[in-house]
Every structure is written in structure tokens, then in C-alpha cells.
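# Report on the structure
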Amino acid sequence: MFSWLNRDESRKKHPEVYATVVEGLKKIYRTKLLPLEEHYHFHDFHSPQLEEPDFDAKPMILLVGQYSTGKTTFIRYLLERDFPGIRIGPEPTTDRFIAVMGGDQEGVIPGNALVVDPKKQFRPLSKFGNAFLNRFQCSTVSSPVLDSITIVDTPGILSGEKQRVDRGYDFTGVLEWFAERVDRIILLFDAHKLDISDEFRRSIEALRGHDDKIRIILNKADMVDHQQLMRVYGALMWSLGKVLNTPEVARVYIGSFWDQPLRFDNNRKLFEAEEQDLFNDLQSLPRNAALRKLNDLIKRARLAKVNAYIISALRKEMPTVFGKDSKKKELIKSLAEIYASLQREHQISPGDFPDIKRMQEQLAHHDFLKFHPLKPRLLETVDRMLAEDIARLMAQIPHEETTVTQETANVKG
């Protein structure tokens, strides 16, 4: 009669052993977290379903900055060579997202072909449509640096009148998608161009929630002398304080990341020390890749639980026969009160809830009667996953890090 109890006991006595942390993450996501996501429409509101390549992908670095701040030149400096599709100039030259990946043959894979490749992690980007896919490509190049990382170059963010021109696709939406999956986000600033345009502000706001991944580079710092550099650094920190809205001071690396001689070389030692710090940080990415994926899965699980509470609370309040439309509008309007009620009832931190305005916009397009009531069993499975499976995978990480350290490629300038 109580055979299910025995099954659970035997599972506790013989916990599942995973060959690698990534294999373990794949299995617990598929069997324990995915059912909760599907049941409560998580993929419609927050993030597409994770596929195998999302777990297997090499660590990714995303470069973001206004045009002509040296993003593409920074990639060339890292690789110590050009890559297919490279265009560098003082005007906005990079008008597309370019994923620079390692490969035996050099070439360019266009966006439409890239999103149907089952071995690549870019398939969910097809939702952004043809206007984006025509502006997306993968450049494959043979480089020891790309054996262990992938670098994503982005279009230069516009300023002045140019930013009023519509790109034809959801630029900040694409940035959000990448921010969720990359291991490091590098914001580049030019020492001569510290103004933060409206589009750049929106782009930085799209990276919120991933503050731990953000690093900032004050590039072309050799173009100003020692005294001006101090003023520029102070102005940058002041501008960032207004946009990032975090009490912590962001880590800023100062330097000139290209292969030309320094114009003012008074700060040579400072630039060399900063460059070494940055490259040490990038070198650590392959070692910490499994830990980052684990951390992102925990974040996703917490959001999936909160989403389940919100969706089931809305379903519970819906009438079965009359007044459905008026009740739906009323519930969307009073979403802040529903958040507060769930926060008290389930002891959820306010920071775990999704953005209220965005949630209200998305809820307007859904039929609340198709939502499901709360299923405690699904939530218990995720709680058990966080308490037991994740803890076991955490114990495996130090051993894997040692193995990867011996194999990792050297990132150098």
C-alpha cells in the first residue's frame, strides 16, 4: 500500500551518482525542474526551455559598449589575430551580433543557419525574427584562446539622433537573452566618450540581475595624461553610480587594449597590472564554468517556484462562469498586492519576484482559466533538488576544477 514510501527511502540510501557536474545538471533539470516550468507556463513569461547545448557550451564573454569604444579591437587583441567578418573604424562599423567561436576551418555561419544547428546553443534566438537573424552571425577561427571560451561582439550602441532609429528587432531583449547565459559581461567605455546615451542606459538596465558577471573597462586610457585620467575615472564612476543602482563599486579595469604603442606611457605599469588582472579573471572562466551553470540553475529554480505561486494564485481568484474579463483586468491591476500576499505567505524575498510592469504586460495576453492550481508535489520535488541534488553536485566541483585547470588554454594579450 505504501510502496512509494519505500521507493523514496531506497533513493535516500543510494543517491544518484553523476559522471560530471554538467551531466548531473542536465538530468536534474530535465526530471525535476522542467515539469514545474511547463506546468506553470514559465517559458512564456521568463526564459525558453534549456537544451543540451546550453549545458555543454563553453564559457561565453559578452562585450557591450557604445560605438567605437574598441570592442572588436579588444577581441583582436585577445586572439592576437583577425577573425572572419571583422570591421574596425571610428564610425559604427559592427552592425551585428558576432559569436566568435573556435573551429578548425575559418568561416562565417549566417544567423538563420546558426539557429537551426542542434549542436549550438543559439536555437532560442529564432524568436527574435528575421530582422535579428540577418544581423547575427558566427565567425569560426582557429585560436588557442577559443579552445576554452566563446566571445560575443555586439553592435555599437548608438547615441544622439541615431538612437531614435528603430533597429527592427528587440535589441535589449537579445541582450537579456545573452546576459542570462554568458559567464562574463564586459562593458567598454572610451576615455573620451563617457556620456551614457538613452539606448546604452536601457542596455545596462537589461543586464540587471547579473551584476556578478559585469566587469567594466575604461579603454583608450593612454590617450589622456595622468591628471586627466584621474578626472575621467571619477566621472565614469559617477555616471555608473546613476545607472547601475547598486551600493557596491563596480570593478573597473583601466588600459588600452590594442597592439599600438602607448601615446602617454606614464601609466604603463598601471595598465600592465590592470591588463594582467583582467586576463586572470578571464582565464578563471573555464575553471568556474560548472559552478556558474550550477548557480544559474539555482537562480532559475527560485524564479520558477515564484512563478508557480503567482500563476496558481491568479487561477485561484478567477470565477468559473461570469465576469472573467473584468476579474482578469482587476487581478492584473492589483498584481502588487498579490506579490505582497505571496511574500508574506511563503516567506519569499522581494528580490525574487519578476518585474511587476513586465509581468502585467505579459499577463494581458494569457487566458487565466488555462492556468493550473498549485501542485505541492512539483514544488516539493524542486525543493528536494535544491537541498539534496545541488549539494551533491557542489561537492563534485572542486575535483572537476582541478582537472580543468590542467587542461585550460592560456588567455594572454
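In this report, we go over the structure that sits alongside the text. Note that the structure is a prediction, hence the values are computed from the model and not measured.

This part takes up the environment of Leu-393. Take Leu-393: it is sitting in helix H15 (residues 376–407). Sequence spacing of Leu-393 and Ala-290 is 103 residues, and the spatial spacing of their C-alpha atoms is 9.5 Å. With near-sequence residues (within four places) excluded, Leu-393 lies in contact with Tyr-18, Val-21, Gly-24, Leu-25, Ile-28 and Leu-294.

As a rule of thumb, non-glycine residues mostly have phi less than zero, and peptide bonds are mostly trans rather than cis. The backbone phi angle of His-41 is positive, close to 55 degrees, even though this residue is not glycine. If you trace the backbone, His-41 turns up in the loop between helix H2 (21–39) and helix H3 (42–45). Unusually for a residue other than glycine, Lys-220 sits at a positive phi of about 60 degrees. Its relative accessible area of 24% is what places Lys-220 among the partly exposed residues.

In this section: the layout of surface pockets. Estimated volume of the largest pocket: approximately 1,700 Å³. Along the walls of the largest pocket sit 50 residues, with Glu-176, Glu-180, His-210, Leu-303 and Arg-358 positioned nearest its centre. For the lining of the largest pocket, the elements supplying multiple residues, two or more each, are H3, helix H4 (52–56), helix H8 (171–181), helix H9 (198–206), helix H11 (268–317) and helix H14 (356–363). Sort the elements by how many residues they give to the lining of the largest pocket and H11 lands first, with eight residues. Of the residues assigned to the lining of the largest pocket, the class counts are 16 nonpolar, ten polar and 24 charged.

Turning our attention to the nonpolar core. Among the nonpolar cores identified, the biggest contains 48 residues, and Phe-122, Leu-125, Phe-178, Phe-189 and Leu-218 are the most heavily contacted of them. Sequence-distant contacts of Phe-178, defined by excluding residues within four places in its chain, comprise Leu-62, Phe-97, Phe-122, Leu-125, Phe-136 and Val-152. Of all hydrophobic cores here, the second largest spans 46 residues; its members include Phe-55, Val-306, Ile-310 and Tyr-339.

Pairing is mixed in the open sheet, where eight strands are placed in the order E3-E4-E2-E5-E1-E6-E7-E8. Two strands bound the open sheet, and with one partner strand each, they are strand E3 (107–110) and strand E8 (252–254). Pairs of neighbouring strands in the sheet enclose a mean axial angle of 25 degrees, with direction left out of account. Pairing analysis gives four bridges linking E3 to strand E4 (residues 136–141), with the strands arranged antiparallel. In the sheet register, Gly-107 faces E4, and the bridge partner there is Thr-140. The sheet contacts of H8 involve strand E1 (60–65), strand E2 (97–102), E4, strand E5 (150–153) and strand E6 (184–190), and relative to E1 the element is tilted by about 145 degrees.

Time to look at the packing of aromatic side chains. By the definition in use, this model includes 19 aromatic pairs. Taking the centre distance of 6.4 Å and the plane angle of 55 degrees together, the rings of Phe-122 and Phe-178 count as tilted. In this pair, Phe-122 is assigned in the loop between helix H6 (111–114) and helix H7 (129–133) and Phe-178 in helix H8, connecting sequence segments 56 residues apart. Phe-178 gets classed as buried once you look at its relative accessible area, which sits at 0%. Both rings, one in Phe-136 and one in Phe-178, keep their centres 6.4 Å apart while their planes meet at 65 degrees; by these two values the pair is edge-to-face. One end of the pair, Phe-136, is in strand E4; the other, Phe-178, is in helix H8, with 42 residues separating them in the sequence. Overall, the relative accessible area of 1% leaves Phe-136 in the buried class.

What follows is about the pattern of salt bridges. A full pass over the atoms with the stated rule returns 24 salt bridges. Of the charged contacts, one joins Arg-292 and Asp-183 as a salt bridge, the two residues approaching to 2.9 Å between their closest N and O atoms. On the criterion of sequence distance, the pair formed by Arg-292 in helix H11 and Asp-183 in the loop between H8 and E6 is long-range, its members being 109 residues apart. Overall, Arg-292 belongs to the buried group, its relative accessible area being 16%. One network of salt bridges, with partners in common, ties together Glu-23, Lys-26, Arg-30, Glu-52 and Asp-56.

Conventions used here
Residues numbered from 1 in each chain as written. Predicted model: local features only at pLDDT ≥ 70, side-chain atom pairs only at ≥ 80, totals over all residues. Heavy atoms only, no water. Helix = DSSP H or I, 4+ residues; strand = E, 2+ residues; numbered from the N terminus. Contact = heavy atoms within 4.5 Å. Buried < 20%, exposed > 50% of the residue type's maximum accessible area, 1.4 Å probe, protein only. 1 Å grid on protein atoms, 1.4 Å probe; cavity = no way out; pocket = protein on both sides within 12 Å on 5 of 7 lines; lining within 4 Å. Points joined across faces, edges and corners; volume = space filled by probe spheres on them. Nonpolar A, V, L, I, M, F, W, Y, C, P; charged D, E, K, R; others polar. Core = buried A, V, L, I, M, F, W, Y, C linked by side-chain atoms within 4.5 Å. Pairing = 2+ DSSP bridges. Axes fitted to C-alpha atoms, helices over the stretch in contact; angles between N-to-C directions. Phe/Tyr/Trp six-rings, centres within 6.5 Å; stacked < 30°, edge-to-face > 60°. Salt bridge = Lys/Arg side-chain N within 4 Å of Asp/Glu carboxyl O.

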